[in-house]
Amino acid sequence: VLEQNDRTGGLLRTEELIPGFLHDVYATAHPLFVTSPAFADLGAELAANGLEYINTDLPTGISLLDGRTAVFSRTAEANITELDRLATGDGAAFAAMLAELDPFVGDVFGLFNRELASPEAQQTVANLMRDGRFAALLFQSPRVQVERFRSPEARAMLGPWAIHLGRTIDEPGGGIWVPLVLLALMAGGMAIPAGGCEKLASALVAIVEGNGGTIHAGSKATRIVVKNGRAVSVHTAEDEIPVKRAVVASANPDQLYLNLLSEAEIDPLLREQASRFRYGRGCVQISLALSEPPRWPDERFRRVGQPHLSSGLDNCAIACAQGAAGLLPLDPSFTVDCPTDRDPSRAPPGKAVMRLQVLEVPTNPRGDAGGKISVSGEWTESVKQRFADRILAIVSRHVPNIPDAVIGVHIVSPRELAAFNPNLGPGDPYGGAHDLAQSYVLSPLPGHPSHQSVVPNVYTVGASTWPGHGVNGGSGYIVAQALLDKTRRLTPRSSAVRVRRTPRRTVGQQDTKRP
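Residues numbered from 1 in each chain as written. Predicted model: local features only at pLDDT ≥ 70, side-chain atom pairs only at ≥ 80, totals over all residues. Heavy atoms only, no water.

Enquirer: An account of the packing of helix α3 (residues 76–86) against helix α4 (residues 90–101) is requested, with residue identities and associated values reported.
Expert: As a packed pair, α3 and α4 sit with axes 6 Å apart at the nearest point and diverge in direction by 140 degrees. By the angle between their axes, α3 is oblique relative to α4. On the side of α3, the interface is formed by Ala76, Asn79, Ile80, Leu83 and Asp84, while α4 contributes Asp90, Gly91, Ala92, Phe94 and Ala95. Its residues placed into classes, the contact of α3 with α4 shows six nonpolar, two polar and two charged. (Axes fitted to C-alpha atoms, helices over the stretch in contact; angles between N-to-C directions. Helix = DSSP H or I, 4+ residues; strand = E, 2+ residues; numbered from the N terminus. Parallel < 35°, antiparallel > 145°, perpendicular 65-115°, else oblique. Contact = heavy atoms within 4.5 Å. Nonpolar A, V, L, I, M, F, W, Y, C, P; charged D, E, K, R; others polar.)

Structure, rendered in structure tokens:
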């Protein structure tokens, strides 16, 4: 494993950003991973290597500025009761939302663990799209999905989860992800590793090394050498490592085709597509050290994993539009989590850590929607601090002891994200735009619609590949299954091996006969 940073894990990183307080610098909760086949396969080994998950029965919730609150549970029955408390009939609307997806949910979740370019997956997709009910769900916006609810609390609690998938409130194609995320939260809760998010990375490293693998931290891959259409070695600044079988690159297509494979013979059309790979909005993450736990007016919030603080669904949509236009949003909706409510080991006794994650921000701000923060196109220290002050002022209207309880602040902006990981481009936490034009069989590129690149023994994993971003293990699982399947099929059988010669063509040149 070649890792360009000082230790492995990518956005799984836990540090004492403020002395004595353990903060997850980037990612934090793993509800998608704990329900994945990768975790089913590796869970026992991960636990043996120190990984322990702590969960809650209330994955999310909503706090509105006027004081109204709601919580989302891991059981459908509890959610129906809570939603009916907010507005009569909203419980039935929630049940109807799940019922609409139910005929297709097995196929959809099954696709998360399969190569979308495979004939089997393509047949599943074709079957789904032939059903007009599913096609309608696929192209809905999140707003359409949640407009069925009468209460503002329900709409503001459920709709914004599409933003955590790189979508927006009014974006076609984002609506189906609302019930999909809710089902994932009901199944996986808001699981966090005891001791911090990086515990997952540490346990994975132990498994790799325990099985004879080697980790090279601080060793950036600079070039993949291709001869006769196949990868033969990987270069770093100090070394050349021969490829025995395959290269698995956690690299976005711009990084892969414009950098790592820059000297290989690649179809120019594919390189052009890679040069036009797009990134989405940025992220500002504010880590707080608190002298005491947050004093939520609604006591249930002490058990809520990641509630949103919001002025409502419309304000959330406006903030997304402001961020897309290059403006610092005036009134964003954002999540708050306080891991010490479940894992007190992350702070000194009686104290707490809190994380605020704002996703409606531009990567390169050109102005301020509020007209009060001077912006020059960059996330300067001044812009970071003044925007963080705006966010803390919003938090103070939901949590009475904020900011008085704040004894330390650490801010990560798109500038720090871009510097930490080239896959984040200009500071997009989701590693690329995820609108319809860059999703599903169009990801990571139209000319590279799978994890196997146009160099047959080079595979890609990560947020730009199916099933997308988040700590889910999906792309790695798909590639692992492909490699294991090839191992089984390539087991020597003296008279059973046949070689079919085909005309040589430039790597990446499109085969007109391929479906």
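Still more to cover.
Enquirer: Run through the packing of helix α2 (residues 37–48) against helix α11 (residues 198–210), naming residues and quoting values.
Expert: For the pair α2 and α11, interaxial distance at closest approach is 9 Å and the crossing angle is 95 degrees. Judged by the inter-axis angle, α2 sits roughly perpendicular to α11. Across the interface between the two elements, Leu42, Glu45 and Leu46 of α2 pack against Leu200, Ala203, Leu204 and Ile207 of α11. Here the contact of α2 with α11 is composed, by residue class, of six nonpolar, no polar and one charged.

Enquirer: Can you break down the packing of aromatic side chains residue by residue, with the values?
Expert: Describing an aromatic ring pair means giving the distance of the ring centres and the angle of the ring planes. Under the defined criterion, the tally for this structure stands at twelve aromatic pairs. With centroids separated by 5.9 Å and ring planes inclined at 15 degrees, the aromatic side chains of Phe112 and Trp177 adopt a geometry described as stacked. You can see Phe112 sitting in the loop between α5 (105–111) and α6 (119–129) and its partner Trp177 sitting in helix α10 (residues 177–188), a full 65 residues away along the chain. For Phe112, a relative accessible area of 15% translates into the label buried. (Phe/Tyr/Trp six-rings, centres within 6.5 Å; stacked < 30°, edge-to-face > 60°. Buried < 20%, exposed > 50% of the residue type's maximum accessible area, 1.4 Å probe, protein only.)

Enquirer: Could you give me a rundown of empty space enclosed by the protein, with the residues and numbers involved?
Expert: All told, the structure shown has five cavities of 30 Å³ or more when counted by the stated rule. What the largest cavity holds in volume is close to 50 Å³. Lining the largest cavity, in full, are Leu22, His23, Asp24, Thr28, Ser287, Asp337, Pro339, Arg346, Val353, Met354 and Arg355. Looking at side-chain class alone, the lining of the largest cavity contains four nonpolar, three polar and four charged residues. (1 Å grid on protein atoms, 1.4 Å probe; cavity = no way out; pocket = protein on both sides within 12 Å on 5 of 7 lines; lining within 4 Å. Points joined across faces, edges and corners; volume = space filled by probe spheres on them.)

Enquirer: So what's going on with the environment of Leu260? Residues and values would help.
Expert: Take Leu260: it is sitting in helix α12 (residues 253–260). A C-alpha to C-alpha distance of 5.3 Å links Leu260 and Ile224, two positions 36 residues apart in sequence. Sequence-distant contacts of Leu260, defined by excluding residues within four places in its chain, comprise Ala221, Thr222, Arg223, Ile224, Ala251 and Gln255.

Enquirer: Which residues make up the sheet that holds strand β11 (residues 240–242), and what values do they have?
Expert: The strand order across the open sheet formed by three strands is β9-β10-β11, and the pairing between neighbours is antiparallel. Strands with a single pairing partner mark the edges of an open sheet, and in this sheet they are β9 (221–227) and β11. For this sheet, the mean angle separating the axes of adjacent strands, direction not counted, is 30 degrees. Inspection of the sheet shows strand β10 (residues 230–236) paired to β11 by three bridges, in the antiparallel sense. Across the sheet, residue Ser233 finds its bridge partner in β11, namely Pro242. (Pairing = 2+ DSSP bridges.)

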